[in-house]
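Summary of the model geometry
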Amino acid sequence: MEPGDPNNRTASKAESQLRKGVLEYCVLALMRDGARYGVELLRELEGTGALATSQGTVYPLLSRLRRDQLVVTTWQESSSGPPRRYYELTEAGRAALAEFTGTWPAFRDAVDRLLAPKTHPQVSGETER
C-alpha cells in the first residue's frame, strides 16, 4: 500500500487503536522480571514492531501507572550519563497484569472468531436460487 492510500490510513487507525488498548499491559509485562527505565522500555516496544511508540506516549503512561500505584520509581546512577528513573511493578501492578494475562486469550480468540471468514457448506440436494 502507498502512504497516501486510504486503506493505509484505515490500517494505521486500527493499529493505533489496538496499541492504545494493550500498551499499558505490555509495559507492565516488560517490568515483570525487574525494574526498567523509560528508554529501555521504548527500545523493547520498538523491537516488537507493532508496539513501537514514542516518548510522548510512554512517559505519560508511566506517570499514570505511578499515580495509579501500579508501579513505583527509584533513581539509580548511570555510568553513561545522568541518573535514571527506574519503574518497578507493585503488587497492584502484578495483579493488574495477572488479570489482563488471564483475560487476553479469551478476548483474542473471540476477536479471531469474528474476523475469520465464515464458510457456509452447501447442504446436499439444495440448489442455489
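Preceding this paragraph is the structure being described.
Residues numbered from 1 in each chain as written. Predicted model: local features only at pLDDT ≥ 70, side-chain atom pairs only at ≥ 80, totals over all residues. Heavy atoms only, no water.

It is worth spelling out the overall build of the protein chain at this point. Across its full length, the protein chain carries four helices and three strands. If you list the helices and strands of the protein chain from N to C, you get α-β-α-α-β-β-α. The 129 residues of the protein chain split such that 22% are buried. On the protein chain, roughly 9400 Å² of surface is accessible, and the fraction owed to carbon and sulfur atoms is 53%. (Helix = DSSP H or I, 4+ residues; strand = E, 2+ residues; numbered from the N terminus. Buried < 20%, exposed > 50% of the residue type's maximum accessible area, 1.4 Å probe, protein only. Areas by Shrake-Rupley, 256 points an atom, 1.4 Å probe, with all protein chains shown as cover.)

Its 13 residues give helix α3 (residues 55–67) an end-to-end C-alpha distance of 18 Å, which sits within 8% of 18 Å, the value for a rise of 1.5 Å per residue. Of all the residues in α3, the buried ones are Val 58, Leu 61, Leu 62 and Leu 65. Projected down its long axis, α3 carries its buried residues within an arc of 100°, all on one side. For α3, the exposed residues set more than 90 degrees away from the buried face come down to Gly 56 and Arg 67. Directly beyond the C-terminal end of α3, a positive phi value near 60° is found at Gln 69. (Expected span 1.5 Å × (residues − 1). Arc of directions from axis to C-beta.)

Strand direction decides the pairing type here: strand β2 (residues 71–78) and strand β3 (residues 81–89), joined by seven bridges, are antiparallel. By the bridge assignment, Thr 74 is partnered in β3 with Tyr 86. Here β2 hands over to β3 after two residues, the two strands then running antiparallel side by side. (Pairing = 2+ DSSP bridges.)

A few words on helix α2 (residues 38–48). Those residues of α2 not exposed but buried are Gly 38, Leu 41, Leu 42 and Leu 45. For α2, the buried positions fall inside an angular range of 100° around the axis, keeping them on one side. Exposed residues pointing more than 90 degrees away from the buried face of α2 are listed as Arg 43 and Gly 47. Gly 49 sits one or two residues past α2 and shows a positive phi near 85°.

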